[in-house]
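Geometric and topological summary
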Amino acid sequence: MRRTFVTGLTCFLAAAALSAGVAGAAEWTAAPVSARFLKAQTEGKALSTGGRATGYRPGPIDFGAADAARLKIAAGRTTKRALPAAYDLRTLGRVTAVRDQGAYNICWTFAALGSLESTLLSAGGPAKDLSEWHLAYYTFADTVPFTSGGDPYQEGAWDWPAVATLSRWRGAVNETDCPYGGANPTGDESNSVFLLDALHLPQQSPAEYWATDEYPELILDTVKQAVVDRGAVSIGIWISGYDNPSMFNSATNAYYTGLTDRNADHAVVIVGWDDAYAAANFATQPAGPGAWIVKNSWGTGFGDDGYFYVSYYELSLDSGVAYIGTTTKPYLRQYSYDPLGWVNNIG
């Protein structure tokens, strides 16, 4: 039986063609470019903090009120399921080892592949160590005009370019086939995992409405349900306060900045949560209890063997994706080739 992989772009173009007779051209508008994305372009490519490498950049779309409306629609169509007060993928053997990105600003590859490795384990698949080096290189090497000849290991990126690279089957490959910090990949490396789906969680959700009265429970439950059903999910966070004792409590490995004006600059992986995690565990106490259990990419010497706790009230938390894959080639042909991923909304 023949099956084809159809991308969201293809579906969008088909929908646009079908609706052309209904909606006039004047009614179609593009989403505005995110101010956070524009700011990140002026901050340079040396994305590091306190001697630690980071590498996350905000995505280009300003979802604003549109994302809030989407969340309302999703809530109306979803049957709420009971979620446990605490959950930890580590205790279930559904997360791979903590790794260290070293001096390279490609945290986003560790978050993307950390999620992919976890969801594969969660689906009963084998434990994998996938190559971040390969993903970083081909996210930019296939799109030279986009990088202006820059260093693919220091460019910085977000989830959507990673989704695009994996969706076109440029990886994921085994770490042993393209070791971290080694030579550039050749393109002859065989895929170890094929991306099947990317579940995009609530987008751009810091101060706009992450902690407002209307949306917190919906956002929290969406992320939690993804962790339970699929496995670890990537998430952006502003991590530059980790060496500030008023933001990172090294005794409890708890992080909360208390700031409202910081953009995410680092990508990490949510592996669980604890609703009862006391506000007193944070150096600066948030408005209430509750914390995400987060896997970092700074080695096991950081935090609690590479993990730390982030308050539910941390406003720099930004979007997230659950990467779903399989070890067998899922389709006979792959006809699309998307170099940049999701860069705009038109409708």
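Notes on the structure follow. Everything quoted here is computed from the prediction, not taken from an experiment. (Residues numbered from 1 in each chain as written. Predicted model: local features only at pLDDT ≥ 70, side-chain atom pairs only at ≥ 80, totals over all residues. Heavy atoms only, no water.)

Overall, the coordinates contain 23 aromatic pairs when judged by the stated rule. Note on Tyr256 and Phe282: the rings are 6.4 Å apart at their centroids and 75 degrees apart in plane angle, and the pair reads as edge-to-face. Of the two residues, Tyr256 is situated in the loop between β8 (254-255) and β9 (266-274) and Phe282 in the loop between β9 and β10 (291-295); the sequence distance between them amounts to 26 residues. Ring pairing ties together the aromatic residues Tyr104, Phe110, Trp133, Tyr137, Tyr138, Tyr153 and Tyr180, which thus form one cluster. In this structure, Arg90 is placed above the aromatic ring of Tyr307, and the distance from its NZ or CZ to the ring centre is 4.4 Å. Its end group placed over the ring of Trp238, Arg262 keeps NZ or CZ at 5.2 Å from the ring centre. (Phe/Tyr/Trp six-rings, centres within 6.5 Å; stacked < 30°, edge-to-face > 60°. Helix = DSSP H or I, 4+ residues; strand = E, 2+ residues; numbered from the N terminus. Lys NZ or Arg CZ within 6 Å of the ring centre and 35° of its normal.)

This next bit is on the side chain of Gln334. Note on placement: Gln334 falls in strand β13 (residues 333-334). Of the residues examined, Gln334 reaches a relative accessible area of 19% and is grouped as buried. Reaching out from Gln334, the side chain makes a polar contact with the backbone oxygen of Ser167 at a distance of 2.6 Å. (Buried < 20%, exposed > 50% of the residue type's maximum accessible area, 1.4 Å probe, protein only. Polar contact = N/O pair within 3.5 Å; in protein donor to acceptor, adjacent residues only side chain to side chain.)

Let us now look at the environment of Gly347. Counting through the fold element by element, Gly347 comes out in the segment after β13. For the pair Gly347 and Thr29, spaced 318 residues apart in sequence, the C-alpha separation works out to 5.7 Å.

Let us now look at the nonpolar core. Trp108, Leu116, Tyr255, Trp292 and Tyr323 are the most contacted members of the largest nonpolar core, which totals 79 residues. Residue contributions to this core peak at eight residues, all from helix α4 (residues 107-122). (Core = buried A, V, L, I, M, F, W, Y, C linked by side-chain atoms within 4.5 Å.)

So, about helix α2 (residues 35-42). Listed in full, the buried residues belonging to α2 are Arg36, Phe37 and Ala40. Down the axis of α2, the smallest arc covering the buried residues is 100 degrees, so these residues share one side. Of the exposed residues in α2, those oriented more than 90 degrees away from the buried face are Ala35 and Thr42. (Arc of directions from axis to C-beta.)

For the rest of this paragraph, the subject is the pattern of salt bridges. Enumeration according to the criterion identifies four salt bridges in this entry. Across the pair Arg99 and Glu117 runs a salt bridge whose closest N-O atoms are separated by 2.8 Å. On the criterion of sequence distance, the pair formed by Arg99 in the loop between β4 (86-88) and α4 and Glu117 in helix α4 is long-range, its members being 18 residues apart. Glu117 shares its class with Arg99; the two are buried. By sharing partners, the salt bridges in this structure join Arg99, Glu117 and Asp129 into a single network. (Salt bridge = Lys/Arg side-chain N within 4 Å of Asp/Glu carboxyl O.)

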